[in-house]
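The primary structure of each chain is shown beneath.
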Amino acid sequence: MQSMKHSRLKTVLQFISGLLAIVKWLPVGQWRQIAVTLSAIVGLLLSMLTKCESEDTPSQPAPTPAPIITPSPTPTPTPKPTPRPPRILIDRSVVALHPFTVRYTAPFQYNTHLWADKYRLGYMGKDVDGGHVLYAVVLNTAGKRRLTVRNDTGNVLASEDIEVRP
């Protein structure tokens, strides 16, 4: 019976506390200070009522449920992709006297050159992706060519056969 009175009183005090919380934010002038004070008093009464209710009910430890043991899945190893060898990429079909871009997919190294047959076309610069790039490569004559990427000692790092159209 007494717990029923406590629960009704608690509900009424929570309602009043909610109304006072709203009134605190309204432009009510001098009444705002009264609303703040009443809100603090109602909050104090609510906390005392909650403490009294917790002392009235005997605390019994809740039975702990037995833990559920689930078998953990064993992770299957993901296959690692086979590394591709570095290669030469050309951005478009090659036409004589028209510029094209050449990329080399290996990590950047200094003193890397692009060659067409026996002629050096230029140093390859660093691309934003961390690879090699040479912009505006122009081949003057049509026919079959062999593009090679070489390091500063002359070792061939990659090569590609291309067809230059007229």
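Preceding this paragraph is the structure being described.
Residues numbered from 1 in each chain as written. Predicted model: local features only at pLDDT ≥ 70, side-chain atom pairs only at ≥ 80, totals over all residues. Heavy atoms only, no water.

1. Focus on the sheet that holds strand S1 (residues 88-90)
Strand order in the open sheet made by the 4 strands is S1-S2-S6-S5, with antiparallel pairing throughout. Here the strands that pair on one side only, and so sit at the sheet edges, are S1 and strand S5 (125-126). Sheet topology places strand S2 (residues 100-104) next to strand S6 (residues 132-137); 4 bridges connect them, and they run antiparallel. Looking at S6, one finds that Tyr104 is bridged to His132. (Pairing = 2+ DSSP bridges. Helix = DSSP H or I, 4+ residues; strand = E, 2+ residues; numbered from the N terminus.)

2. Comments concerning the packing of aromatic side chains
As enumerated under the stated definition, the model contains 1 aromatic pair in all. Between Phe108 and Tyr110, the aromatic rings sit 5.0 Å apart at their centres with planes inclined by 80°, giving edge-to-face as the arrangement. Judged by relative accessible area, Phe108 falls into the partly exposed class, the value being 21%. Positioned above the aromatic ring of Tyr123, the side-chain terminus of Arg120 is 4.9 Å from the ring centre. Its guanidinium or amino end placed over the ring of Trp115, Arg150 lies 4.6 Å from that ring's centre, counting from NZ or CZ. (Phe/Tyr/Trp six-rings, centres within 6.5 Å; stacked < 30°, edge-to-face > 60°. Buried < 20%, exposed > 50% of the residue type's maximum accessible area, 1.4 Å probe, protein only. Lys NZ or Arg CZ within 6 Å of the ring centre and 35° of its normal.)

Shape descriptors only; they carry no functional weight alone.
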